[in-house]
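Remarks on the overall topology
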Amino acid sequence: MKTTKVLAAAATIVLAGTLVSCSEQQGGTASGGNDATNCTNTIPKTDLPVVTMWAWYPNMELVVDNFNEQSDDVQVCWTNVGQGGDEYDKFQTAITAGTGAPDVIMIEADRIPTFQIQEAIVDISDYGYEDVKDDYSEGAWKDVSVGDGVYGAPVDGGPMGMIYRADVFEQYGITPPTTWAEYETAAQTVKDAGGPLFGDLGANVPAVMMALQYQNGAQPFTYDSATPESIGIALDDNASKEVLDYWAGLVEKGLVGTQDQFTPEYISGVIGGDYATYISAAWAPGYLTGAGVGEGDDAGVWKVAPLPQWDAANLVSVNWGGSAFSVTSQASDPELAAKVAFGVYADDASLLDGWQNQVIFPLNLTALNSTDFVDYEVPFFGGQQANKEVYVPAANAYTGMTYTPFGQYYFDAFTEQLAAINEGSVTGSEAAERLQADVVAYAEEQGFTVE
């Protein structure tokens, strides 16, 4: 049966690590699975049932303690088995073995379909979803859903904006561009005046290009868990080609760099003033601060503006990153596990600590639309009310994306094509066509019918 073949093939997908949307901080590692004797935290109410959890949020111990103190129904036994790919590798081992997974697991939104197709996580729409549905936006739920099923409780996200150096913009008489056409014009102005590169096309951040293609109206994937053997793939449509041709043009004209991001070389360039802008998400200030950006002579020079648009008359918000809590199929009591998934990062104290001290961008509307969060004067941006001006409106307008069950392969293939663009060996349109052929062939090889 083709569905069985697809499920089996999914288990062979390599789960490599990706940038974590909320923080680069690592916690300690521990063994665990669904064994409640291996808790990092202390369980205060030992007479209550226990749900095991894997998660790597930097303030998870505080969050779990807050939940356990307030809960009279269940207690959480939490361990950190690694961040991102390290955790996914352990989870994949447990999936294959049929044992060893926790009841609840932290998963990045774009990885949910990978585990859903293996039936490693369960639909929690019947386990309290209706009670918390109005606590999150349409886009937040879309990102953790596959078809009509809800496979995670959203926690943090990454609405995108354009971070820029105010000193460079002032020096060259540039105002924040509102469209990508204006972005290119500003980049040319700065280059002609002998200024720095305007931005960077890092081949290792294909998720950014996917988001910008979505912003331009592309729909890279259509996938529904009701028909898991079928998938729609449209990576070479006109909207996708337009985005890649645009960025290939910026590279060819020498307006943006081609350095891989999140590398020492890239961060050194950011600190050294090699780039006037950084197209990124709401978690970026925390990442940059941790990397030493915005200190010394750079203190207060960074600002943020809304992401430029492809069509000024059609404003579209997009997202990069974000994580959720999913209930695994190995949970002994899925309904009780869902109570934890929906409630463990939803109390006021945990949400407040998340955005104030951990730079986690909250998706819970209680925090997202609170006066304290909206009016917060962000230190990295020299006191700019970045949430009010950029990130909160973007998060509230975001309608979600459809991810693929073989996301890692897609991102790896996309990285290869972006590298070819940067080398000048292909045009943007050619890269899109090559990507389409590559990913379609892979999907068919894995047993999917490509529509």
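Residues numbered from 1 in each chain as written. Predicted model: local features only at pLDDT ≥ 70, side-chain atom pairs only at ≥ 80, totals over all residues. Heavy atoms only, no water.

Observations regarding the overall build of the chain
- When helices and strands are counted, the chain shows 19 helices and 14 strands.
- If you line up the chain on its principal axes, its C-alpha atoms span 70 × 50 × 40 Å.
- Relative to its 451 residues, the chain shows a buried fraction of 59%.
- Counting contacts in the chain only where the partners sit at least 6 residues apart, residues at least 24 apart contribute 78% of the total.
- Total accessible area on the chain is roughly 17,100 Å²; 47% of this is exposed by carbon and sulfur atoms.
- For the chain, the centre of its 15 positive side-chain charges and the centre of its 63 negative side-chain charges are spaced 5 Å apart. (Helix = DSSP H or I, 4+ residues; strand = E, 2+ residues; numbered from the N terminus. Buried < 20%, exposed > 50% of the residue type's maximum accessible area, 1.4 Å probe, protein only. Contact = heavy atoms within 4.5 Å. Areas by Shrake-Rupley, 256 points an atom, 1.4 Å probe, with all protein chains shown as cover. Lys, Arg positive; Asp, Glu negative; His and termini not counted. Charge placed at Lys NZ, Arg CZ, Asp CG, Glu CD.)

Points about the environment of V390
- Inspection of the secondary structure assignment puts V390 in helix 17 (residues 386-397).
- Measuring from C-alpha to C-alpha, the distance between V390 and M162 comes to 9.0 Å, with 228 residues separating the pair along the chain.
- The contact partners of V390, leaving out residues within four places of it in the chain, are G161, V304, A305 and P306.

Focus: the packing of aromatic side chains
- Across all of its chains, the model carries 37 aromatic pairs by this definition.
- Between Y183 and W247, the aromatic rings sit 6.1 Å apart at their centres with planes inclined by 50 degrees, giving tilted as the arrangement. Separated by 64 residues along the polypeptide, Y183 in helix 8 (residues 180-192) and W247 in helix 10 (residues 238-252) bring together distant segments of the chain. Each member of the pair Y183 and W247 is classed as buried.
- Between W302 and F380 the ring centres are 6.4 Å apart and the planes differ by 20 degrees, which places this aromatic pair in the stacked class. Residue W302 is found in strand 12 (residues 302-306), and its partner F380 is found in the loop between helix 16 (371-374) and helix 17; the two are separated by 78 residues along the sequence. In terms of burial, W302 and F380 fall into one category: buried.
- Ring-pair connections join several aromatic residues into one group, and the members of that group are Y164, F169, W180, Y183, F198, Y246, W247 and W310.
- The residue whose ring lies beneath R165 is W302, and the NZ or CZ to ring-centre distance is 5.5 Å. (Phe/Tyr/Trp six-rings, centres within 6.5 Å; stacked < 30°, edge-to-face > 60°. Lys NZ or Arg CZ within 6 Å of the ring centre and 35° of its normal.)

Quick look at the pattern of salt bridges
- For the coordinates displayed, the defined rule picks out six salt bridges.
- Across the pair K45 and D72 runs a salt bridge, and its minimum N-O distance is 3.2 Å. One end of the pair, K45, is in the loop between helix 1 (2-10) and strand 1 (50-54); the other, D72, is in the loop between helix 2 (60-70) and strand 2 (75-79), and 27 residues separate them in sequence.
- Owing to a relative accessible area of 59%, D72 belongs among the exposed residues under this scheme.
- Across the pair K253 and E184 runs a salt bridge, and its minimum N-O distance is 2.5 Å. In this pair, K253 sits in the loop between helix 10 and strand 10 (256-257) while E184 sits in helix 8, placing the two residues 69 residues apart along the sequence. (Salt bridge = Lys/Arg side-chain N within 4 Å of Asp/Glu carboxyl O.)

Quick word on a negative patch on the surface
- Together, D123, D126, E130, D131, D134, D148 and D224 line one region of the surface with negative charge.
- Structurally, E130 is set in helix 5 (residues 129-132).
- Since its relative accessible area comes to 56%, E130 is described here as exposed. (Patch = residues over 30% accessible without salt bridge, like charges linked within 9 Å, V, L, I, M, F, W, Y side chains within 5 Å.)

Looking at the pairing of strand 9 (residues 230-233)
- On strand 9, burial covers both faces: S230 and G232 on one face and I231 and I233 on the other are all buried.
- With two bridges joining them, strand 9 and strand 14 (residues 449-450) adopt parallel strand pairing. Each residue of the ladder has a partner; that of I231, found in strand 14, is V450. (Pairing = 2+ DSSP bridges.)

Here we look at the sheet that holds strand 8 (residues 221-222)
- Taking strand neighbours across the sheet as the criterion, the three strands line up as 8-9-14 in an open arrangement whose pairing is mixed. The sheet terminates laterally at strand 8 and strand 14, the two strands that pair on one side only.

Some thoughts on the state of the cysteines
- This model, assessed by the stated rule, comprises one disulfide.
- Each sulfur of the disulfide joining C39 and C77 lies 2.1 Å from the other. Around the S-S axis, the bridge from C39 to C77 shows a dihedral of about -120 degrees and counts as left-handed. Highlighted residues: C39 in the loop between helix 1 and strand 1 and C77 in strand 2, separated in sequence by 38 residues.
- Looking at C77, the relative accessible area reads 2%, which means it is buried. (Disulfide = S-S within 2.5 Å.)

A short note on unusual backbone geometry
- Even without being glycine, F262 reaches a positive phi, approximately 65 degrees.
- With respect to the helices, strands and loops of the structure, F262 is situated in the loop between strand 10 and helix 11 (264-271).
- Phi at V359 takes a positive value of approximately 55 degrees, unusual for a residue other than glycine.
- Within the secondary structure, V359 is located in the loop between helix 14 (348-357) and helix 15 (365-368).

Some points on the confidence of the model for the chain
- Confidence along the chain averages 91 in pLDDT terms, with 92% of residues attaining 70 or more.
- Within the model, pLDDT remains below 50 along residues 1-5, and this stretch shows eight contacts once partners closer than five positions in the same chain are excluded.
- In this model residues 11-32 is a low-confidence stretch, pLDDT under 50, and it forms 67 contacts with partners more than four residues away in sequence or in other chains. (pLDDT = per-residue confidence, 0-100.)

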